[in-house]
Amino acid sequence: MHSFEYRNGTLFCENVDLAQLAIKTGTPTYVYSAETILDHYRRLDQALQEVPHLICYAVKANSNIGILNLFAKENAGFDIVSGGELFRVLKAGGKAAQCTFAGVGKTEAEIREALEHGILAFNIESEAELARINRVAATLDVKAPIAVRVNPDVDAHTHKYISTGKSENKFGIAFERVLGVYEAASKMSHIAIRGVQMHIGSQITKAGPFAEAVDKMLPLVNQLKELYGIEYFSIGGGMGIVYDPSLASGAAGWWENEADESLLTLEAYAGAIVPKLKTLGLKILVEPGRFMVGNAGVLLTQVQYIKKTETKKFVIVDAGMNDLIRPALYQSFHEIVPVTKNHPYGEAEKADIVGPVCESGDFFAQDRELPPIAEGDILAVMSAGAYGATMSSNYNSRRLPAEILVHGERAEVIRKRQTLDDLIDGESIPQ
Ligand SMILES: *Cc1c(COP(=O)(O)O)cnc(C)c1O
């Protein structure tokens, strides 16, 4: 579900009028629905009820402490990829003991901090990292809990920048080498083997790749359980969401036409993997990011100018690729709608919706059919809750947008818009 709908021609987030909110807070502004996030979390929790499990929310999708706090209050775990993310989780009231630490480049300082806080486990991405963790743990005189990230070499049928489970990706350890790494780990004095992990990619809209990866992993997982008494199998995240409702007509599919972005329902996802996972008798960890927060957020932006050239119409808005980089980085689609519908002027027309940043890649949509739109109108870029604010930057010395969390009638600022002084915070002119 998501909690954005029109009421009398005005877009609401839960019970908050987004036209009024945009006037009050200015633009660009991210708005998130707490109800949507909690609904997604609780429904996934429900769908996995037949196996013992822990949902570790992937912090990088949206790391605002106001969002993390929602998960902390549900007693969720967290999947982190840096010491900074661990810091955020702790500030938000999350438990280190429920954090898994992923990523190919963990530094010594990050490893030490994670050990001091007592995280659930490190996901090992290389033999060199395993050796380093053993060394750091020895200096602290503790045993570092680990799971090896296996690269199952399956095709997730997703964009090449967000596909992670193919052998040519930098992530994880090749299937053939995994047992060797576990054997080495078992001989290390300051390593405690706890589990095994995989993560095949992001924005996966079919259940098939998940089922294929689980099938491939099951014999190995059983073997690791026997050999090393592992306690859990983490199946990663990557569940896709619908960005383009016009493509989402089909029901959840199994190896359907790849171009079609049908909704991956929780029933299809869980139905494809839970029966297989049940046979293991292990705790199952899942690490969803996008699925939890993607459809729960929009980016509000105001139309600054309408510019017509010989061949094109441009709608120039006050949000840019620095606020939401997904279209520029992944050629990704975002639905864009006016916050107030049914203006009397003009006819629907095709236009490029572009930002003010000095880059040709600074667009949100190209040749998009839009209802009549005029200078001053507020637009909502939909499904911007994941990999939106977390990937924003100050490029072009643009201030980071405000972020607002809506719950029922309440709209609370969970990140205030940066000030001009924030832009140069920490900078200085040499004496
Ligand atoms: C990014 C990431 C996730 C979350 O991916 P989503 O597609 O947002 O669900 C989960 N696990 C790991 C290891 C990741 O790197």
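Coordinates for the structure precede this section.
So, a few notes on the structure that sits alongside this text.

1. Concerning the nonpolar core
Phase 1: Counting residues in each nonpolar core, the largest one holds 108 residues, and the members touching the most others are Tyr 57, Phe 71, Phe 78, Phe 122, Phe 233 and Ile 235.
Phase 2: The element contributing the most residues to this core is helix H8 (residues 208-228), with nine residues.
Phase 3: Viewed by domain, this core spans two of them, domain 1 (4-31 + 295-423) and domain 2 (63-288), each represented by three or more residues.
Phase 4: Setting aside residues no more than four positions away along its own chain, Tyr 57 makes contact with Asn 62, Ile 67, Leu 68, Phe 71, Gly 77, Phe 78, Asp 79, Pro 288, Gly 289, Met 292 and Val 293.
Phase 5: Counting residues in hydrophobic clusters, the runner-up holds 18 residues, among them Val 16, Leu 18, Ile 378 and Ile 404.

2. Observations concerning the side chain of Glu 85
Phase 1: Position of Glu 85 relative to the elements: it lies in helix H4 (residues 83-91).
Phase 2: No salt bridge is formed by the buried Glu 85. Its closest oppositely charged neighbour is Arg 88, at 6.9 Å.
Phase 3: At a separation of 3.3 Å, a polar atom in the side chain of Glu 85 contacts the main-chain amide nitrogen of Lys 60.
Phase 4: In terms of polar contacts, Glu 85 uses its side chain to reach the backbone amide nitrogen of Val 81, at 2.9 Å.

3. Considerations on the site of the ligand
Phase 1: As a matter of local geometry, the ligand sits amid 14 residues, with Lys 60, Ser 202, Glu 287, Arg 290 and Tyr 387 nearest to it.
Phase 2: At 2.8 Å, a side-chain N or O of Lys 60 approaches an oxygen atom of the ligand.
Phase 3: One nitrogen or oxygen atom from the side chain of His 199 is found 3.5 Å from a nitrogen atom belonging to the ligand.
Phase 4: Coverage of the ligand by the protein chains reaches 94% of its 390 Å² of free accessible surface.
Phase 5: Partitioned by chemical class, the residues of the shell around the ligand number four nonpolar, five polar and five charged.

4. A look at the packing of helix H5 (residues 108-117) against helix H6 (residues 127-140)
Any two packed helices are characterised by how steeply their axes cross, that is the angle between the axes, and by the distance between the axes.
Phase 1: For the pair H5 and H6, interaxial distance at closest approach is 10 Å and the crossing angle is 55 degrees. Considering their axes alone, H5 and H6 lie oblique with respect to each other. The two elements H5 and H6 cross, and the hand of that crossing is right-handed. Between H5 and H6, the residues in contact are Glu 108, Ile 111, Arg 112, Leu 115 and Glu 116 and Arg 132, Ile 133, Arg 135, Val 136, Ala 137 and Leu 140, respectively.

5. As for empty space enclosed by the protein
Phase 1: Counted under the stated rule, the structure contains one cavity of 30 Å³ or more.
Phase 2: If you add up the space inside the largest cavity, you get close to 30 Å³.
Phase 3: Around the largest cavity sit Lys 313, Val 315, Glu 347, Glu 349, Ala 351, Leu 370, Pro 371, Pro 372 and Ile 373, which together line it.
Phase 4: Listing elements by their share of the lining of the largest cavity, those giving two or more residues are strand E15 (313-317) and strand E17 (349-354).

6. Regarding the packing of helix H2 (residues 34-47) against helix H3 (residues 65-73)
Phase 1: Following both chains from N to C, one finds H2 and H3 inclined at 40 degrees, their axes separated by 11 Å at the closest point. Taken together, the axes of H2 and H3 lie oblique to each other. Our pair here, H2 against H3, has a crossing hand that is right-handed. Counted together, Ala 34, Ile 37, Leu 38 and Tyr 41 of H2 and Ile 67, Leu 70 and Phe 71 of H3 form the full contact between these two elements.
Phase 2: Of the residues assigned to the contact of H2 with H3, the class counts are seven nonpolar, no polar and no charged.

7. Remarks on the sheet that holds strand E1 (residues 4-7)
Phase 1: Strand order in this open sheet of three strands is E1-E2-E3, and the pairing throughout is antiparallel. Each end of this open sheet is capped by a strand with a single partner; those strands are E1 and strand E3 (16-17).
Phase 2: Two strands pair when backbone bridges link them, and strand E2 (residues 10-13) and E3 are joined in this way by two bridges, in the antiparallel orientation. Note that in E3 the partner of Cys 13 across the bridge is Val 16.

8. Quick look at the pattern of salt bridges
Phase 1: A full pass over the atoms with the stated rule returns 17 salt bridges.
Phase 2: Linking Arg 7 and Glu 5 is a salt bridge whose minimum nitrogen-to-oxygen distance equals 3.0 Å.
Phase 3: Residue classification places Arg 7 among the partly exposed residues on the basis of a relative accessible area of 30%.
Phase 4: A residue is classified by how much of its surface remains accessible, and Glu 5, at 41% relative accessible area, is partly exposed.

Reading the values: rules and limits
- Residues numbered from 1 in each chain as written.
- Predicted model: local features only at pLDDT ≥ 70, side-chain atom pairs only at ≥ 80, totals over all residues.
- Heavy atoms only, no water.
- Core = buried A, V, L, I, M, F, W, Y, C linked by side-chain atoms within 4.5 Å.
- Buried < 20%, exposed > 50% of the residue type's maximum accessible area, 1.4 Å probe, protein only.
- Helix = DSSP H or I, 4+ residues; strand = E, 2+ residues; numbered from the N terminus.
- Domains from an automatic or database assignment.
- Contact = heavy atoms within 4.5 Å.
- Lys, Arg positive; Asp, Glu negative; His and termini not counted.
- Salt bridge = Lys/Arg side-chain N within 4 Å of Asp/Glu carboxyl O.
- Polar contact = N/O pair within 3.5 Å; in protein donor to acceptor, adjacent residues only side chain to side chain.
- Near = heavy atom within 4 Å.
- Areas by Shrake-Rupley, 256 points an atom, 1.4 Å probe, with all protein chains shown as cover.
- Nonpolar A, V, L, I, M, F, W, Y, C, P; charged D, E, K, R; others polar.
- Axes fitted to C-alpha atoms, helices over the stretch in contact; angles between N-to-C directions.
- Parallel < 35°, antiparallel > 145°, perpendicular 65-115°, else oblique.
- Left-handed = near helix turned anticlockwise from the far one by under 90°.
- 1 Å grid on protein atoms, 1.4 Å probe; cavity = no way out; pocket = protein on both sides within 12 Å on 5 of 7 lines; lining within 4 Å.
- Points joined across faces, edges and corners; volume = space filled by probe spheres on them.
- Pairing = 2+ DSSP bridges.

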